Amino acid sequence: MVTGYLLAFITSVLFSIYLVPRKFASQNPAVYTVFFGAGFFALSVIYWASCGFDSLLNPILLGSSLAGILCALGFIIFTKAIDSIGLAQANQWKNLQGPIGVVLGLWLLAEIYQTNIFWVIAAAAAIFISAAFLTVQDSAPKKLKLTGVLLAVISALCFGIMVCIQKWVVNSGVSVPAQLVCTSAFMLVSAAAYSLLMLKNQSYRLDKNNRLGLLAGMLWFPAGLCTLWSFELLPVSIAFTIIQLNAVWTILIGVLIFREISIKQYWGRISFGLIFSIVGIICLIFA
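Residues numbered from 1 in each chain as written. Predicted model: local features only at pLDDT ≥ 70, side-chain atom pairs only at ≥ 80, totals over all residues. Heavy atoms only, no water.

(A) Inspection of the nonpolar core at higher detail. Residues Y18, L180 and W220 are the most contacted members of the largest nonpolar core, which totals 63 residues. Those residues within four positions of W220 in sequence are excluded, and the remaining contacts are F15, Y18, F36, F40, C71 and F159. Core analysis: the second largest hydrophobic core is formed by 10 residues, V248, I251, L274 and I281 among them. (Core = buried A, V, L, I, M, F, W, Y, C linked by side-chain atoms within 4.5 Å. Buried < 20%, exposed > 50% of the residue type's maximum accessible area, 1.4 Å probe, protein only. Contact = heavy atoms within 4.5 Å.)

Below is the structure:
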């Protein structure tokens, strides 16, 4: 049990770190996701091979494949949100995936008897208020700001559903290496299909932008691995709650390192954003 909590905490840190390369890349979000998926897939295959090439023929792995498609879609949309409103603001709206994942876990994973819906609603409200505080008025056009918020919320829905599917597959006893290979493969294929069919004149050379996408995918791999390990040891409503600590780390990265929000001008909003983010996590813990 203690190991599960530790893995979930480590995952929360990793889910903030993998976002950093995007701040230095200007590649189209879909193409960036292709290389992200390639980095994720490469490490997943290496890990799968090191564990003895577990079978990929289990029909339950169709769930992992669906999770990969949702991961590609969610990441493309989330990357667009980051480009629109910045890392700190986009991630906070995306972190509505926490209450979404928990609520879906109640119904789809039969965790309703382990969870108090009142605290889930309170957590969703606190995270929403936190995101609203962190959505400041700056030089970005209002329409672009609203578009960024909407994209981040849609990505939250994609990631929330993906997490429930992953937990269902874990509960079915399928090996973690096989899950990672299927998820990463379908993420890569989905992103590549979208990019090739919907975009024109895009560079697929291993230039700086695409290397950063590759790096981000390689950073995602340990996060995905630790997520599945924590799901083996804890209910999704608990593990996913602890993982939501990435909201705090991402706000700090966005504000302190990338100066996305002026501390001097918006210190009050930043403070309340952090406070309500932590309150939301605490509410999910009580749930």
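(B) Expanded view of the pattern of salt bridges. All told, the structure shown has one salt bridge when counted by the stated rule. As a salt-bridge pair, D83 and R22 come within 2.6 Å of each other at their nearest N and O atoms. On the criterion of sequence distance, the pair formed by D83 in helix α3 (residues 61-85) and R22 in the loop between α1 (2-17) and α2 (29-50) is long-range, its members being 61 residues apart. The exposure class of D83 is partly exposed, given its relative accessible area of 41%. Take R22: its relative accessible area is 5%, and that puts it in the buried class. (Salt bridge = Lys/Arg side-chain N within 4 Å of Asp/Glu carboxyl O. Helix = DSSP H or I, 4+ residues; strand = E, 2+ residues; numbered from the N terminus.)

(C) Just the state of the cysteines, in detail. All told, the structure shown has zero disulfides when counted by the stated rule. Cysteine C158 shares no disulfide, and the gap to the nearest cysteine sulfur, in C71, comes to 9.7 Å. Note on C158: relative accessible area 8%, which makes it buried. (Disulfide = S-S within 2.5 Å.)

(D) Spotlight on the packing of helix α4 (residues 87-94) against helix α11 (residues 246-257). Two elements in contact, α4 and α11, have axes separated by 8 Å at closest approach and are oriented at 165 degrees. Overall, the two elements α4 and α11 adopt an arrangement that is roughly antiparallel. Between α4 and α11 lies a crossing whose hand is left-handed. Two secondary-structure elements touch here, α4 through L87, A88, N91, Q92 and K94 and α11 through N246, A247, T250, I251, I253 and G254. A per-class count over the contact of α4 with α11 returns five nonpolar, five polar and one charged. (Axes fitted to C-alpha atoms, helices over the stretch in contact; angles between N-to-C directions. Parallel < 35°, antiparallel > 145°, perpendicular 65-115°, else oblique. Left-handed = near helix turned anticlockwise from the far one by under 90°. Nonpolar A, V, L, I, M, F, W, Y, C, P; charged D, E, K, R; others polar.)

(E) Structural detail: the packing of aromatic side chains. Enumeration according to the criterion identifies 16 aromatic pairs in this entry. Pairing F24 with F258 gives two aromatic rings, centres 5.7 Å apart and planes at 65 degrees, and the pair type is edge-to-face. Of the two residues, F24 sits in the loop between α1 and α2 while F258 sits in the loop between α11 and α12 (263-286), which places them 234 residues apart along the sequence. Here the guanidinium or amino end of K23 rests over the ring plane of F258, the centre of that ring lying 5.4 Å away. Cation over ring: K94 sits above F159, and NZ or CZ is 5.8 Å from the ring centre. (Phe/Tyr/Trp six-rings, centres within 6.5 Å; stacked < 30°, edge-to-face > 60°. Lys NZ or Arg CZ within 6 Å of the ring centre and 35° of its normal.)

In short, the description is geometric, and any link to function would need to be established separately.
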